[in-house]
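# Results of the structural survey
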Amino acid sequence: MIIVGEKINTSRRSIAEAVEKRDTDFIVGVAREQAEAGANYIDVNAGTFLEQEADCLCWLVETVQNSIDLPLCLDSPNPAALSEAARRHRGEPMINSISLEADRFQSLLPVVTSQPCHIVALCMSETSMPITTEERVQVGSELIKKLTDEGIPLGKIYVDPLVQPVSVDIQMGIATLNAITRLMNDFPGVNTICGLSNVSFGLPERHLINRSFLALCMASGLSAVILDPTDKKLMATLLAVDMLLGQDEYCEKYIDAYQNGTIAG
Amino acid sequence: MGEYKALNGAVLKGDINTATAEMQKAIDADKNVQDIIDNGLIAAMDEVGERFSKGLLFVPQMLRAAKTMQECMKLIEPLLQKGDVTPKGKVLIGTVRGDLHDIGKNLVSMMMESAGFMITDLGVDVPPEKFVQKAQEVEPDIVAMSALLSTTMPAMPQTIEALGKAGLRAKVKVMIGGAPVTENYAHEIRADAYASDAGSAVSKAKKLLGIS
């Protein structure tokens, strides 16, 4: 399971303040705690800074990478900001994200083909958000085809089936789960990725719903996830499920995490 | 609320069978149509919005209550003559240009409709020109805009500017909302109000129009 740590996002007040003040210690601290909790990538998102987004994102890339030896997940719907941040990134970043929306696809294409990188491909078409499994699979398949046609290896593509709230449409959870299964079967070697918290919008005890959904996504074949790795209950679910799915030889990671005190029951 | 206690309770719970039966009773008793709508249905939905804003009630319950109200309205609509019901106000709503997110906008639209506003919903990815054109046509009291992406937020001030150029800014109140949108941003772009959720969107709209 590839873990993308989601905490460095300026929609969180403490992060926005730290970016505003260019507080290196604080940002590095948040990156380090996620790295120590098992993150494989550190997500950086400065979307709330609007016109200053690109500057802030670049500052985050340099600040985190100067202290932490991990690749970053550059997170923005803004191709210009992603392009600048990608140029400053050392190693292979994860670009989050490209979609079928024509402008976004065209302006990001040169970014993702000009350097080795991992790409999150969001199942969003030109005109609408997907509702059914079928719509997700169709948009995801088209994105995979377009990206591989440009020479991008399947293994570097992470299809995000787009998680939507079950509070609004009770079929939204299962639609995403079935899309994950179908995409993983139809394109052996491709990755699937998603965030969890959208699924629980509008409902109480969201953490419970989120970690239950994580277990179901993993059972459907999800290979990467965007989450808060310092959430011990969530990580405990992730490690337990990974083990139960037969992907943790000798139960090593699960037991290590227990002995290191990084998971809670 | 007293007179329509059973109807109010059924709408609040989202119990369609009981609500439509109570509604039929009220219609058969020849109650005033506006009175049934205001005190039987809207009063219950106001309570739903209030409880939702306080976190005492959740999105599926809100949707269910609104669905129940819609089913009740279906019983009364064939009987309505023009002018029988006065809307609380007219609202033109849409998700701004470049943005395809509609869940929050739909919840706001639904709760406003349930509160007695007349809604014109332009859908998603609505360019400023479209807001202007439709505003000229329906003459709304409120123009409500939603954005879920920081990249699409700038379409809000652009739409406000377009309303200004068309000479409509003084005639409408502008409300905005969406995950990245804040009260501060509303001030910055000179919107008239910011609402953080569907329940408070209704109370903010009423406040803007001076309705209690």
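Quick caveat, the model's predicted, so the values are computed rather than measured.

Take the sheet that holds strand β2 (residues 41-45) of chain A next. Residue and element names in this part refer to chain A. Spatially, β1-β2-β3-β4-β5-β6-β7-β8 is the arrangement adopted by the 8 strands of the closed barrel, whose pairing is parallel. Direction aside, neighbouring strands of the sheet carry axes that sit 30 degrees apart on average. Relative to strand β4 (residues 94-99), strand β3 (residues 72-75) is paired through 3 bridges, and the arrangement is parallel. Pairing of C73 across the sheet is with M94, part of β4. On top of the sheet, helix α5 (residues 102-114) reaches β4 and β5 (118-122); it is set at about 150 degrees to β4, its chief contact.

Residues and elements named next belong to chain A. Along the chain, the position of V225 falls in strand β8 (residues 224-227). In this structure V225 comes out as buried when scored by relative accessible area, which is 0%. With 87 residues separating them along the chain, V225 and Q138 place their C-alpha atoms 21 Å apart. Filtering out sequence-adjacent residues up to four positions away, V225 remains in contact with M1, I2, I3, V4, I193, C194, L196, L214 and L238.

Another point: the pairing of strand β2 (residues 118-121) of chain B. Residue and element names in this part refer to chain B. Bridging between strand β1 (residues 90-95) and β2 involves 4 bridges; their strand directions are parallel. Looking at β2, one finds that I93 is bridged to D121. Running through helix α5 (residues 103-114), the crossover from β1 to the neighbouring parallel element β2 is right-handed.

This brings us to the pattern of salt bridges. All names here are of chain A. Evaluation of the coordinates by the stated rule reveals 18 salt bridges over all chains. E92 is paired through a salt bridge with K156; the nearest N and O atoms lie 2.8 Å apart. One end of the pair, E92, is in the loop between α4 (79-88) and β4; the other, K156, is in the loop between α6 (133-149) and β6 (157-160), and 64 residues separate them in sequence. Among the ionic pairs, E134 bridges to R182, the shortest N-O distance being 3.4 Å. Linking E134 in helix α6 with R182 in helix α7 (residues 172-186), this pair joins segments that are 48 residues apart in sequence.

Below, the discussion takes up helix α2 (residues 16-28) of chain B. Residues and elements named next belong to chain B. Given a rise of 1.5 Å per residue, 13 residues ought to cover 18 Å, and the 18 Å separating the end C-alpha atoms of α2 matches this to within 8%. All buried positions along α2 are accounted for by A19, T20, E22, M23, A26 and I27. Down the axis, α2 shows its buried residues gathered within 160 degrees of arc, on one side only. Of the exposed residues in α2, the ones pointing more than 90 degrees away from its buried face are N17, K25 and D28.

Residues and elements named next belong to chain B. As far as domains go, chain B holds domain 1 (2-79) and domain 2 (90-208). Just the C-alpha atoms count here: the centres of domain 1 and domain 2 sit 26 Å apart. Contact residues are listed per partner, giving 13 residues for domain 1 and 12 residues for domain 2. Taken together, the two surfaces of domain 1 and domain 2 that pack against each other cover about 900 Å², and 71% of this comes from carbon and sulfur. A per-residue breakdown of the area domain 1 buries against domain 2 is headed by I42, S53 and M62, which together make up 36% of the total. Between domain 1 and domain 2 we count 1 salt bridge in total. Linking K206 and D46 is a salt bridge whose minimum nitrogen-to-oxygen distance equals 3.2 Å. Here domain 1 and domain 2 share 3 residue pairs in polar contact (both at pLDDT 80 or more) between them. When residues of the side of domain 1 that touches domain 2 are traced back to their parent elements, those giving at least two are α3 (33-53) and α4 (59-76). If you tally residues by element for the side of domain 1 that touches domain 2, the top one is α3, at 7 residues. Of the residues in the side of domain 1 that touches domain 2, the class split is 9 nonpolar, 3 polar and 1 charged.

Analysis parameters
- Residues numbered from 1 in each chain as written.
- Chains lettered and ligands numbered in written order.
- Predicted model: local features only at pLDDT ≥ 70, side-chain atom pairs only at ≥ 80, totals over all residues.
- Heavy atoms only, no water.
- Pairing = 2+ DSSP bridges.
- Helix = DSSP H or I, 4+ residues; strand = E, 2+ residues; numbered from the N terminus.
- Axes fitted to C-alpha atoms, helices over the stretch in contact; angles between N-to-C directions.
- Contact = heavy atoms within 4.5 Å.
- Buried < 20%, exposed > 50% of the residue type's maximum accessible area, 1.4 Å probe, protein only.
- Right-handed = clockwise from strand over helix to strand, strands pointing away.
- Salt bridge = Lys/Arg side-chain N within 4 Å of Asp/Glu carboxyl O.
- Expected span 1.5 Å × (residues − 1).
- Arc of directions from axis to C-beta.
- Domains from an automatic or database assignment.
- Buried area = accessible area lost by both parts, 1.4 Å probe.
- Polar contact = N/O pair within 3.5 Å; in protein donor to acceptor, adjacent residues only side chain to side chain.
- Nonpolar A, V, L, I, M, F, W, Y, C, P; charged D, E, K, R; others polar.

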